[in-house]
Every structure is written in structure tokens, then in C-alpha cells.
Amino acid sequence: MPKAKPFAIPKQLVLDAYQRVKANRGAAGVDGESLAAFETDLKNNLYKVWNRMSSGSYFPPPVRLVEIPKASGGTRPLGIPTVADRVAQTVVTRVLEPLVEPHFHPDSYGYRPGRSALDAVGMARQRCWEADWVIDLDIKAFFDSIPHALVERAVAHHTTLPWVRLYIARWLRAPVQRPDGTLEQRTQGTPQGGVASPLLANLFLHYAFDAWMQRQFPRIRFERYADDILVHCRSEQEAQAVLAAIRGRFQQCGLEVHSTKTRIVYCKDDDRPGGSASTQFDFLGYTFRPRLAKNRWGKCFVSFLPAISTQAATAIRQTIREWRMASTRNNQSLEDLARLVNPVVRGWMNYYGRYYRSRVVQILRHLNEALAEWARWKYTRFRRRERASMHWLGRIARRDPHLFALWDLGVRPEAGG
């Protein structure tokens, strides 16, 4: 008889984990093996993952370091695991998540089933109307700073399964491989890009922040999406006191509040006189600040509202430029262009059009301008006639308003832009 494995891990769990990894796609890790290459010997590859995990002999390979440019400048380090390691991490997260999820705070929104970034934005919008002040909290190098011992203690609090605890400990300590091939050992932190990292980060911050806030400041409301945090206060003095307490708490947990990026913001509107050095903040791609609004009787007033942020708007315009419609796609038809851009535009509108829709509509007019430029390159009769190319697009939009998603949403071409 074959010797029993020390850890009882169902083979079906490994297969289900692979299906989730396949759905999420992703780049190759340090071994250079793509998802397609992994699938050429799928049965054997999945058996290896199951066999090694079940026997306790699975050791994660290094994660491949990729530097992603940040809109605010600098780079964000991402750690890309191998395909096999993503399957193994998914096996563990599928076991651990149901154990910890019921304990998480209702105002934690990031990487949780049934919750979204838009839910967090909507709740922040409502609470900015209810409380005058906000702490816009930034944790310095959060994913690089998480203490391993505290994460492992939190995991042990929720599961006695030795293999779950064993592999999480190994993943936390897996080295990072830099582009030049050198290995960097890790004594703290969990790499962004790992399958298990979002769940472990949520679990750590549940105890480091959420549960602590509930004990220390039960009347103070907050929204947290991973390490993006807003805290609502009734006065500037209260905000300063709460922020000082959070600084102390984070120091206990091996974290640091970013001194220049963390701010206390006044949610100024028509009902809130006076001023402050800061009357706006960014949260999950939205900028919250005083904006004109209309009441039910059509009268204008100033309210504290979210709309697409400058950074997000810049990223949309950059994406439109990168499509290079005029210079590289003038051999294609309008229908071809619609198939390219419509899924992306719908995504932008679904996210950034939820609040203060007119602002994202204004940004999307750049796409109409790009289409008009495409027409000037494709058709010689429009070569130096900007208004004529926009008129031509407008006639097509009236005839076929569903061709482009932005036309369907009412963002129609207009002469002059």
C-alpha cells in the first residue's frame, strides 16, 4: 500500500485552484513558464503540486520582481510567482478565506467577496456629508513592512491546519529575484502580486487597525480598501488626536504612517464655513472636494463630492493615445475600432461614471477627437478639415448610436471637439 501523505489535501482542491488561476491569467514567474506552457502537461504538473503539498515537501520558488511605474512618480514593486506557485497559493487561500472572512470588519472593502472599491467610495461620500473632517491615511511601504511573526500569529488564531500555516510561513520568506538574477532574502513584508498577499494583508490590518479602531474609537467611522484608509472625525482636534493614536498603534505593529502623504482634510461645503489648508483628497481613483451640485428644485449649491481624479483622467487620455488610431489603425474600419475600445470604455464608465458622471464624460470626449483624427488620416477629403471630420462622425453617431459605447452613453461627436 502506498504510504499515506502527512497532509490531507484533496486533489479536487488543486484542480479548482488551477481553474481560478487560469481565469485570472497573469505573467510567467522566474521559470519563464507561461500558463499555456503549464497546460501542455497539465495533469502531471497539477499532480506535482498536489504531491509536494500533501507530503510537506513543497518549497515556493523565488518571486520575479517587476517594477511598475506609479502615476504619482516612482515605481511599485510587484512579485510575480510561477504558475505552479499561484496554484499552490490558491489552494491555501481557498481554505483560509472562509475561516477569516466572517470575522472581517464591515468597513473593510478590499479583495473581499461581494464588496468593491465603488462600495467604499459610496460609503466615504455619505460619511463626508455626516462628519466635517477626514484623515486621509497613508501607510509607508505597507506591503514591504508587514512583520511576518504578526501575520503568522493571526493565521494561527483562525486555523489549526498545520499545512496552511507551514506554507504561509514559507511564502512569506520566499526570496525575490531581481531582473539581473540576484536573489533578495525577505525578513518582512509580503509581495504585491502574490495570490495569498491580499488575504494576508487584510488579515493583518484587521487586527492592526480595524479591530483596534472598533475597541478604541467605537464611534469613529472609517473605510479601508487594502491599505487605502479614510477615517471620519467630527472636529479637527478629534482628527489630530485619532491620528496620533493611529501612529502609535502602527508603530506597535511594525508600520509607519507616511508623514507627507497623510493629511487631515476639511470636507468643505455650503453648510461648513471657514477654511483649511486641505479641502480635497484622492481615494480609489476619485478626488473628493467641494463641487457644484443641484438640489431637487434645480438650485445650485456646493457639496463635498467625489469625481474621477486627475491621475485617473490622465491615465485614460494616455490609454487613448496609446491606441494610436490615426497612425497605426487607419487601415481598419470604425467597426474594428469599436471592438477594440468598447470594452475598455464601458469599464471606465461603469467605474468612474458612478459619481459625478459629467466629469468622466468630459474626459471621454478625447476619444471622439481621436476618432476624428483617425478619419483625417484615413480619408483624404478630411485631411485638413477638422470640423468636417467631426461632422461626419456626428452623422454616423446619429445613424448608428450604438456603434461606440460612448455614443450609446450620449457622448456624441460635436463639431469643434
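Residues numbered from 1 in each chain as written. Predicted model: local features only at pLDDT ≥ 70, side-chain atom pairs only at ≥ 80, totals over all residues. Heavy atoms only, no water.

Chemist: Would you mind showing me how to read the layout of surface pockets here?
Modeler: Think of a ball as big as a water molecule: rolled over the atoms, this probe shows where empty space is left. For the second largest pocket, the calculated volume is near 450 Å³. In this structure, the second largest pocket is lined by 19 residues; those nearest its centre are Asn24, Thr90, Gly194, Val195 and Pro198. Secondary structure elements with two or more residues in the lining of the second largest pocket: α1 (11–24), α4 (83–100) and α9 (197–216). Examining the composition of the lining of the second largest pocket, we find that 5 residues originate from one element, α4, more than from any other. Here the lining of the second largest pocket is built from residues that sort into 8 nonpolar, 6 polar and 5 charged. (1 Å grid on protein atoms, 1.4 Å probe; cavity = no way out; pocket = protein on both sides within 12 Å on 5 of 7 lines; lining within 4 Å. Points joined across faces, edges and corners; volume = space filled by probe spheres on them. Helix = DSSP H or I, 4+ residues; strand = E, 2+ residues; numbered from the N terminus. Nonpolar A, V, L, I, M, F, W, Y, C, P; charged D, E, K, R; others polar.)

Chemist: Where do I start with the packing of α4 against α9 in this structure?
Modeler: For any two helices packed against each other, one specifies the crossing angle of their axes together with the interaxial distance. Here α4 crosses α9 at 25 degrees, and the two axes come no closer than 11 Å. Judged on the interaxial angle alone, α9 and α4 are roughly parallel. Viewed along their axes, α4 and α9 form a crossing whose handedness is left-handed. Packed against α4, whose contacting residues are Thr93, Leu96, Glu97 and Val100, the element α9 presents Leu199, Leu200 and Leu203 at the interface. Classifying every residue of the contact of α4 with α9 by side-chain character gives 5 nonpolar, 1 polar and 1 charged. (Axes fitted to C-alpha atoms, helices over the stretch in contact; angles between N-to-C directions. Parallel < 35°, antiparallel > 145°, perpendicular 65-115°, else oblique. Left-handed = near helix turned anticlockwise from the far one by under 90°. Contact = heavy atoms within 4.5 Å.)

Chemist: Quick question: what am I supposed to make of the pattern of salt bridges here?
Modeler: Side-chain pairing between opposite charges can occur once the charged atoms of the two side chains come close. On inspection of all chains with the given rule, the structure shows 12 salt bridges. Between Asp336 and Arg339 there is a salt bridge, and its shortest N-O distance comes to 2.5 Å. Within this pair, Asp336 and its partner Arg339 are both found in helix α13 (residues 334–352), separated by 3 residues, close to a single helical turn. With relative accessibility at 58%, the residue Arg339 sits in the exposed group. Shared partners join several salt bridges into a network, and the residues in it are Asp107, Arg127 and Glu223. (Salt bridge = Lys/Arg side-chain N within 4 Å of Asp/Glu carboxyl O. Buried < 20%, exposed > 50% of the residue type's maximum accessible area, 1.4 Å probe, protein only.)

Chemist: In this structure, what is going on with empty space enclosed by the protein? I would like to understand it.
Modeler: Tallying each qualifying case throughout the model produces 1 cavity of 30 Å³ or more. As for the largest cavity, its lining consists of 15 residues, and the residues nearest its centre are Gln89, Trp171, Thr190, Pro191 and Ser197. Mapped onto the lining of the largest cavity, the elements with two or more residues apiece are α4, α8 (162–173) and α9. Its residues assigned to classes, the lining of the largest cavity comprises 9 nonpolar, 4 polar and 2 charged.

Chemist: Looking at this structure, how should I read the nonpolar core?
Modeler: The biggest cluster of nonpolar side chains holds 65 residues, and the ones touching the most others in it are Met53, Trp163, Phe209, Val231 and Ile246. Of all the elements, α9 adds the most residues to this core, at 10 residues. Residue contacts for Phe209: discarding those within four places in its chain leaves Leu137, Phe222, Arg224, Ile229, Val231, Ile246 and Phe250. Of all hydrophobic cores here, the second largest spans 59 residues; its members include Val265, Phe288, Ala375 and Leu393. (Core = buried A, V, L, I, M, F, W, Y, C linked by side-chain atoms within 4.5 Å.)

Chemist: For this particular structure, what's the right way to read the side chain of Thr90?
Modeler: Among the structural elements, Thr90 can be located in helix α4. When neighbours within four sequence positions are excluded, Thr90 is seen to be in contact with Ala17, Arg20, Val21 and Val195.

Chemist: Whenever I open this one, the sheet that holds strand β2 (residues 75–80) confuses me. Can you help?
Modeler: The pairing of strands in a sheet comes from backbone hydrogen bonds and takes either a parallel or an antiparallel form. In spatial order, the strands read β2-β1-β4-β5; together these 4 strands make up an open sheet with mixed pairing. Here the strands that pair on one side only, and so sit at the sheet edges, are β2 and β5 (183–184). As judged from the 6 bridges shared by strand β1 (residues 63–69) and β2, these two strands associate in the antiparallel manner. What sits directly across from Arg64, in β2, is Ile80. (Pairing = 2+ DSSP bridges.)

Chemist: So what exactly am I meant to see when it comes to the sheet that holds strand β9 (residues 281–283) here?
Modeler: Across the sheet, 3 strands lie side by side as β9-β10-β11; this open sheet has antiparallel pairing. Because the sheet does not close on itself, it has two edges, and the strands there are β9 and β11 (300–308). Going from strand to strand, the sheet's axes swing by 50 degrees on average, the running direction of each strand aside. Of the pairings in the sheet, the one linking β9 to strand β10 (residues 286–294) comprises 3 bridges and is antiparallel in character. Across the sheet, residue Asp282 finds its bridge partner in β10, namely Thr287.

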